[in-house]
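# Observations on the three-dimensional arrangement
These are the residues of each chain, in order.
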Amino acid sequence: MTGITLNRADLTSVLIRAAGDMKGHVDQLRDLDAVMGDGDLGVTVGMGSDAMIAYLSAPDETDIGKMLVKCGMNVNKVNPSTFGTLQASAFMGAGKAVLNKTEITVVDLISMGNGAIDGIKKRGKAEVGDKTMLDSLVPAVETFQRSFTEKEDIVEALKAAVSAAEAGMLATDHMKAKFGRGSWRPDGTVGKRDGGATAFYYMIESFAGHLRDLVNNRV
Amino acid sequence: MTGITLNRADLTSVLIRAAGDMKGHVDQLRDLDAVMGDGDLGVTVGMGSDAMIAYLSAPDETDIGKMLVKCGMNVNKVNPSTFGTLQASAFMGAGKAVLNKTEITVVDLISMGNGAIDGIKKRGKAEVGDKTMLDSLVPAVETFQRSFTEKEDIVEALKAAVSAAEAGMLATDHMKAKFGRGSWRPDGTVGKRDGGATAFYYMIESFAGHLRDLVNNRV
Amino acid sequence: MKKLMNDPLQFVDETISGILKAYPFHLRLTKESPRGLVRADAPVKGKVAICTGGGSGHIPLFLGYVGPGLLDGVSIGNVFASPSADTMLAVTKEVNGGAGVLYLFGNYSGDTMNFEMAAEMASMEDIPVQSSVAADDVASAPASQKERRRGIAGIFFAYKIAGAKADTMANLDEVKAAADRVIANTCTMGVALSPCTIPAVGKPNFTIAEDEMEIGMGIHGEPGIERTKLKKADEVAAIMAERVINDLPFKSGDEAAMLMNGLGATPPEELFILSSKVHDILKAHGIKVYKTFVGEYATSMEMAGASLSLLRLDDEFKKLLDAPAFSPFLPQWRKS
Amino acid sequence: MKKLMNDPLQFVDETISGILKAYPFHLRLTKESPRGLVRADAPVKGKVAICTGGGSGHIPLFLGYVGPGLLDGVSIGNVFASPSADTMLAVTKEVNGGAGVLYLFGNYSGDTMNFEMAAEMASMEDIPVQSSVAADDVASAPASQKERRRGIAGIFFAYKIAGAKADTMANLDEVKAAADRVIANTCTMGVALSPCTIPAVGKPNFTIAEDEMEIGMGIHGEPGIERTKLKKADEVAAIMAERVINDLPFKSGDEAAMLMNGLGATPPEELFILSSKVHDILKAHGIKVYKTFVGEYATSMEMAGASLSLLRLDDEFKKLLDAPAFSPFLPQWRKS
Ligand SMILES: Nc1ncnc2c1ncn2[C@@H]1O[C@H](COP(=O)(O)OP(=O)(O)O)[C@@H](O)[C@H]1O
Ligand SMILES: Nc1ncnc2c1ncn2[C@@H]1O[C@H](COP(=O)(O)OP(=O)(O)O)[C@@H](O)[C@H]1O
Ligand SMILES: [Mg+2]
Ligand SMILES: [Mg+2]
Ligand SMILES: [Mg+2]
Ligand SMILES: [Mg+2]
């Protein structure tokens, strides 16, 4: 199960399904953001998902890299909030890692994950531990990479990544916010879960789940 | 009891006492004005009475006419509301009727009453029946004049004047307001007593009462 | 009552004090009255002076309209109460530049009577005075009894145009004629969504439900035409526009200046949403908007609501409306 | 929610539409984005262009500062939300007069990140871009972490002075340096008395008791320093003034420009009562007020409250502050 490749249609179908799933979480995300921030994260994630689905249903690029960059730009256009912009940066970073490709391998997937992290870090200046989306994304990508490098089993690696994302999300409970609206009263954020980390956890979980289904169907 | 004359001190003592009495009616006047107008009549009458008392306690004019004109100007200064301005106009009209006098007779008193009416009418353009202070003042002055001309008894004439003022005040219940804030919804004023007419009734009643006491003491 | 203030009885005097500290180049007190303000450079020799006055609580009304190209002096009353005739006289004496004085004020009985008294006193001091009384609120009396109407935000047009006319060194009769002609061609209609509180009273001047509005309410909370459920901005704009258009009436081919005035708490965003719709309605009626003013020109402290004023224009009015004028209380405008 | 509006989701677009109908001589839309507005005469050849942007609900922020002597273009977000980078890019392209573009905006993460993205895209189109980020809210972070502070009403000074600097045909580095120097010398502190409601959300953004105020609250309802009982105006003025004075710190002998800004529902009368006291406090500290601005310069829709901003002046700042500028959204001012 190592040598899997995904074409543009494979990737868009996984992403579209994951985006669709996100819409089931908007109320929870709104409530989490309302505690420390301004409560728009539900709206924000909903609009971003709609934009993803709209673009990816009829992408105007055959190059997967360019398609992801454009997907990010579309997300930003409808949702230039902090979350939306960083989500867009993640797409653009992922896309830049696989420019000029019409098929991607698992190694490319790892590059995409790291590209997404770079995009978010470059734009948002945050690091792991700052109580942001990075706290679920970074452990997920790292774990996926380590597991796949060690065992060359994508299904296994996806499972491990989801667990790492979940642990990362739960760990934000104990962190102080260094960025975003919570950072103006950092002590007030301790004991509260970060909305952005939660949103990314759900995205990772859905993406991994649909990708696993696709892989399993192929075997 | 016909040939009574009043000097400046007599007149100021009667007016000061009447002004003092007015302050017992401010709550009722506020409530009446609140029904059809803006509810400031209580404040307005209270401030006007204070200004009267302050000025008349140490008037800077020996001429009774000029003193009344200045008293009016002082009332207007602290209270330029509709009521205050018309009350000031009444004082000025009354004063103009007795310019250059240091003593006044009952005939002068009648001229002062008519001067007050002229002052109010000239400034406010209203007539009897328009649901204003004129509805208690005009019958009072007319009745006083008629009664005194017929019977030459000032005490009798004062009593008649107060009854006429009261009847005039009560009659405003059935009138439609043609002036002031009530006039923008005239039908809504029917069934409601006019605050200005009520205030003038109390002023007339107090003025008459204290004047009667003075006359009686002199006999 | 949630106000940033100190002693409610000092509300007006402290406001005046803040204004004088903020804009010493612009305004000064009269020598004889602490409630009279005049242009820092008053009197302007040979120019007809224009005075206004009224109750406090309406900034930029009334004192915000004193300045070059506008008015020369103002008398300031307590909140929602007329200033006194002797303040008006003090102002009159300090602004008179030898060409006489026009009293230009809104139609409320306290103000009218006090300006009348002041005019009589001024004439005893040989200062020629004339009066023009703004009465633009179409909701306060039928068109057949225009002289009974309340004066509200539309007085802005009379201030601007009479001020510019006086700057042309026109004589007192001509300035009064210009003001009267503006008043005759101005119609205003307002809506209120929430009350305000006179500081010395301490409780709201009227009550209105969370889902209600009052159409035609006056700027002191005087009764309007109808209390209804809160409507959409487009409906509110249509109610105001139709009533104002039909009152004069404005006709296809007319040119107009439009003022969408906020009463205090209503955000500019909402005023622009209303004015957008009014523009569309005027266009549909064939009425051309020469100039639009949107913002707070006549307020009622923290009251929420808006009013629409229209002035029918002719060439003279257009020229005078475009003439330069200055006040730190007013938004800037530009020659059209 | 008591608002004069139609569809909450159209709130911003209808506002823009009303503005364009009201002031067609002043502003126009960008060709590529319905959320980008530029000066009607953009681009100005050879002049450094200045762009700003931010969420809606703050008029005159942000679009009211576009005009001659001020800014060249603005990107408009939804209520309290950043505009998108592609709108910013559209604006950048239309205002660039060949001398480059300065992005001058308030310190919020959404805005910062989007302007950064736009700057990267602009540089790919060979338009030189620099950024200056206003962060004047002393209540949002200690002075040692000034760069973390929120940007609030004090950005007005940066707009005015950078705009005037650009008008001198200074180059991009010089205009940025002027803006940065204003930002470094500006401190602001606000108080809020009541919340506001984002139209699409439909309920107030925070709750506060009838007798409470929040000291240091941000213009979107971000947490302040302390929630206390409502205090007298003089105490509120003192709290704001002492905090602002001590932050830079301002010293005896300094000259300052002062802005007493209203958040929306607070009447001008109250702002003047506050500013009167601040004048007295500054005098007692030996700080001379060169120019005072009182009014609504950065609002939060119907929120009640006020903020005090002080800018330390030098000769260049004074000259640039006095330079002519025009916007129909701003009160007039005068050379001192
Ligand atoms: N600088 C940053 N880098 C990475 N993530 C961030 C940063 N700032 C905020 N976040 C994430 O964004 C989430 C909030 O997003 P959003 O609600 O869109 O913010 P806002 O409403 O303040 O624009 C936070 O929960 C956090 O996970
Ligand atoms: N034109 C007028 N002439 C005579 N009296 C008047 C006139 N207008 C109003 N009034 C009287 O004044 C009273 C209201 O006075 P006040 O409360 O001071 O008025 P406002 O608050 O409207 O200035 C009314 O009750 C009425 O008696
Ligand atoms: Mg947000
Ligand atoms: Mg948020
Ligand atoms: Mg009154
Ligand atoms: Mg009254």
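What comes next is a walk through the structure.

What counts, and where the lines are drawn
- Residues numbered from 1 in each chain as written.
- Chains lettered and ligands numbered in written order.
- Predicted model: local features only at pLDDT ≥ 70, side-chain atom pairs only at ≥ 80, totals over all residues.
- Heavy atoms only, no water.
- Pairing = 2+ DSSP bridges.
- Helix = DSSP H or I, 4+ residues; strand = E, 2+ residues; numbered from the N terminus.
- Axes fitted to C-alpha atoms, helices over the stretch in contact; angles between N-to-C directions.
- Contact = heavy atoms within 4.5 Å.
- Near = heavy atom within 4 Å.
- Polar contact = N/O pair within 3.5 Å; in protein donor to acceptor, adjacent residues only side chain to side chain.
- Areas by Shrake-Rupley, 256 points an atom, 1.4 Å probe, with all protein chains shown as cover.
- Nonpolar A, V, L, I, M, F, W, Y, C, P; charged D, E, K, R; others polar.

## Structural notes on the sheet that holds strand S5 (residues 101-106) of chain C
Residue and element names in this part refer to chain C.
- Ordered by their spatial adjacency, six strands build an open sheet running S1-S2-S4-S3-S5-S6, and the pairing between neighbours is mixed. Of all the strands in the sheet, just strand S1 (27-29) and strand S6 (129-134) have a single pairing partner and so form its edges. Taking the axes of each pair of neighbouring strands and ignoring which way they run, one obtains an average angle of 25° across the sheet.
- By the bridge criterion, three bridges tie strand S3 (residues 49-56) to S5 in an arrangement that is parallel. Each residue of the ladder has a partner; that of Cys51, found in S5, is Tyr103.
- Those strands touched by helix H1 (residues 11-22) are S1, strand S2 (36-39), S3 and strand S4 (73-79), and its axis lies near 145° from that of S4.

## A few points about the site of ligand 2
Residues and elements named next belong to chain B.
- Lining the immediate environment of ligand 2, one finds 19 residues, of which Asp38, Thr82, Phe83, Arg181 and Asp194 sit closest.
- Contacts to ligand 2 include Asp40, whose side-chain N or O atom sits 2.9 Å from an oxygen atom.
- Between ligand 2 and the protein, one listed contact pairs a nitrogen atom with a backbone N or O atom of Gly124 at 2.9 Å.
- Isolated, ligand 2 exposes 570 Å² of accessible area, and the fraction of that covered by the protein chains is 93%.
- Elements represented by at least two residues in the shell around ligand 2 include exactly helix H5 (82-96) and helix H9 (195-218).
- Taken together, the residues of the shell around ligand 2 sort by class into seven nonpolar, seven polar and five charged.

## Details of the site of ligand 1
All names here are of chain A.
- Taken together, 19 residues sit near ligand 1, with Asp38, Thr82, Gly124, Arg181 and Asp194 positioned nearest.
- Take Asp38: an N or O atom from its side chain is 2.8 Å from an oxygen atom of ligand 1.
- About the coverage of ligand 1: the protein hides 93% of its 580 Å² of free accessible area.
- Looking at the shell around ligand 1, the elements that each hand over two or more residues are helix H5 (82-97) and helix H9 (195-218).

## Notes on the arrangement of the chains
- Counting contacts across all three pairs of chains that touch, the top pair turns out to be chains C and D.
- At the C-alpha level, the nearest point of chain A lies 42 Å from chain B, with no contact between them.
- For chain B and chain D, which are not in contact, the least C-alpha distance works out to 21 Å.

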